[in-house]
Amino acid sequence: MSRVDSAKGFAMARVCIDAVGGDEPSEVVLAGCEAALKASESLEILLAGPEDVVAPFCASHERTEPLVASETIGMEEHPTRAVRTKRDSSIVRGCKAVREGAADAFFSAGSTGAILAAGTLFVGRVRGCSRPALASVVPGLEGARRVMLDLGANADCRPEMLVEFALMGQCLAKATLGLGAPRVALLSNGTEDTKGSEAAIAAHEALAAASARGVHFVGNCEGSDILLGDVDVIVCDGFTGNVALKSMEGAAKYIARRLKAAAKANPLSAVGGLLVKGAMKDLAADLSGDEYGGAQLLGLKGPVLIGHGATSEEAVKNGALAAQRAAQAHIADDIAAVLA
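Residues numbered from 1 in each chain as written. Predicted model: local features only at pLDDT ≥ 70, side-chain atom pairs only at ≥ 80, totals over all residues. Heavy atoms only, no water.

(A) Here's a closer look at the pairing of strand 6 (residues 133-139). Within strand 6, seven of the seven residues are buried, which leaves the element mostly enclosed by the surrounding structure. Going residue by residue along strand 6, you find Ala-133, Ala-135, Val-137 and Pro-139 tucked away on one face and Leu-134, Ser-136 and Val-138 tucked away on the opposite face as well. In the sheet, strand 6 pairs with strand 11 (residues 295-298) via three bridges, with the strands oriented antiparallel. Paired with Ala-133 across the bridge in strand 11 is Leu-298. (Buried < 20%, exposed > 50% of the residue type's maximum accessible area, 1.4 Å probe, protein only. Helix = DSSP H or I, 4+ residues; strand = E, 2+ residues; numbered from the N terminus. Pairing = 2+ DSSP bridges.)

This is the structure we're talking about:
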């Protein structure tokens, strides 16, 4: 649905944003929407949520339109059941808007399971995609960035699914990180070809045999390589990826709290704590993925992005802009082409 604004001469994109997804009040989401509109003249927002939330905001902001949804899916609800029974929820209406062409992309900080279910049911998978994968950009040294997937959408994966993840991850790395030929590695417990569980060894064999399909596979990588390695795309099953990501986030919080405790304990430590406080904040922000708009569900017919439940104004802004970029870069079309 992207179009060129004849007056301004550039392509516009409409992003549907869930006004009531996540743990924070809708005011945080609305502030993020306002910031995104100021940051990009080519962004339009279709705001999904209760009428008393979305209508006043859209009435006072240009390039916005309300999508009234009478229901909300809570974080604690069973995802698939909620999606099937709450057809007028903001998550379901947002995904349907992408399918119907009323929006180019969807962003929500709501229930990951519900967004996955609604995206699969209502946006739909591209041909050749067995299961959508949850992907995010993770940080590295000296400004390096890499794509990691799956981060929790699929706990159990067949080897051929890891090949699909590799192809989809390469598309995202090309579009988001500007890489020409992204290098793909399989997350395992050693770099040797024979290391890992039976499932990991089978996945390694499948990835190694997938060069004809365009997978630039360079072998296994270890957990330490997620942040310190020199590969561009890391693939794994969703169980392993989610545990790894949460472990990194937990480690960053642990270090920050230990430094804070040490600073309170003695004045010299307090000076040192002040010196590294900014660096620790930057590290936590890097690991959150908020700079790149959270995580993206790859393998659907349109961009669907998921932010953290405890999101912020900045994270919503970045999520809206990331969804816009994904739509304008035609990542879903690129994935459909490589999987077909």
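(B) Main features of the pattern of salt bridges. Under the criterion given, the structure shown has nine salt bridges. Glu-160 is the partner of Arg-158 in a salt bridge, and the nearest nitrogen-oxygen pair spans 2.9 Å. For Arg-158, a relative accessible area of 42% corresponds to the partly exposed category. Salt bridges linked by common partners bring Arg-14, Glu-44 and Glu-65 together as one network. (Salt bridge = Lys/Arg side-chain N within 4 Å of Asp/Glu carboxyl O.)

(C) Broad picture of the environment of Ile-234. Mapped onto the secondary structure, Ile-234 falls in strand 10 (residues 233-235). When near neighbours in sequence (up to four residues on either side) are disregarded, Ile-234 contacts Arg-146, Val-147, Met-148, Leu-149, Ala-185, Leu-187, Cys-221, Asp-225 and Ile-226. (Contact = heavy atoms within 4.5 Å.)

(D) Up close: the environment of Gly-223. Mapped onto the secondary structure, Gly-223 falls in the loop between strand 9 (217-221) and helix 8 (225-228). Taking the C-alpha atoms as reference points, Gly-223 and Met-248, 25 residues apart in sequence, are found 9.8 Å from one another. With residues near it in sequence (within four places) discarded, Gly-223 still touches Leu-187 and Ser-188.

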